[in-house]
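Below are the chains, spelled out letter by letter.
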Amino acid sequence: MTLIINNDDVGKVLTMADTIAALEAAYLQMAAKEAVCRPRIDMRIPTSDPAKNYQFGTMEGGSTSGYLP
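Cut-offs used in this document
- Residues numbered from 1 in each chain as written.
- Predicted model: local features only at pLDDT ≥ 70, side-chain atom pairs only at ≥ 80, totals over all residues.
- Heavy atoms only, no water.
- Helix = DSSP H or I, 4+ residues; strand = E, 2+ residues; numbered from the N terminus.
- Rg over C-alpha atoms; globule rule 2.2 N^0.38 Å.
- Pairing = 2+ DSSP bridges.
- pLDDT = per-residue confidence, 0-100.
- Salt bridge = Lys/Arg side-chain N within 4 Å of Asp/Glu carboxyl O.
- Buried < 20%, exposed > 50% of the residue type's maximum accessible area, 1.4 Å probe, protein only.
- Polar contact = N/O pair within 3.5 Å; in protein donor to acceptor, adjacent residues only side chain to side chain.

Concerning the overall build of the chain
1) Next: Regarding its fold elements, the chain presents two helices and four strands.
2) Next: Listing the helices and strands of the chain from first to last along the sequence gives α-α-β-β-β-β.
3) Next: Taken over C-alpha atoms, the radius of gyration comes to 16 Å for the chain, far larger than the 11 Å a tight globule of 69 residues would show.
4) Next: By its C-alpha atoms, the chain is 45 × 30 × 25 Å across when sized along the principal axes.

Encoded structure:
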């Protein structure tokens, strides 16, 4: 089953302060060469409606502390 969430759903469980703290820790790890990331890559797939497309974006990273977002 796929769970689709939106910004309002995320805002109920993740505060801006938590987000900033997590980003700060990740950037410090990257500066110390203890983490890596790949920039966002988007795929745009045409649909039967020329005015619309399907877009799928991904970005990954990893750290020596054991996470892969």
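Resuming the write-up.
Observations regarding the pairing of strand β2 (residues 41–46)
1) Next: Where β2 and strand β3 (residues 53–58) come together, six bridges link them in antiparallel fashion. Across the sheet, P46 pairs through a bridge with N53, a residue of β3.

A short note on the confidence of the model for the chain
1) Next: Summary statistics for the chain give a mean pLDDT of 90 and a share of 96% for residues scoring 70 or more.
2) Next: Of all helices and strands in the chain, the one with the weakest mean pLDDT is strand β4 (residues 61–63) (88), whereas β2 scores best (95).

Looking at unusual backbone geometry
1) Next: Of note, K33 is a non-glycine position whose phi angle comes to about 60 degrees, a positive value.
2) Next: Positionally, K33 belongs in the loop between α2 (16–31) and β1 (35–37).

A few points about the pattern of salt bridges
1) Next: For the structure on display, the rule yields two salt bridges.
2) Next: A salt bridge links R38 to E60, with the nearest nitrogen and oxygen atoms 2.4 Å apart. Pair noted here: R38 is in the loop between β1 and β2 and E60 is in the loop between β3 and β4, with a separation of 22 residues, a long-range link.
3) Next: The class of R38 is partly exposed, set by a relative accessible area of 27%.
4) Next: Among the residues examined, E60 registers a relative accessible area of 33% and is labelled partly exposed.

Quick word on the side chain of Q29
1) Next: By the element assignment, Q29 lies in helix α2.
2) Next: A polar atom in the side chain of Q29 sits 2.8 Å from the side chain of S63.

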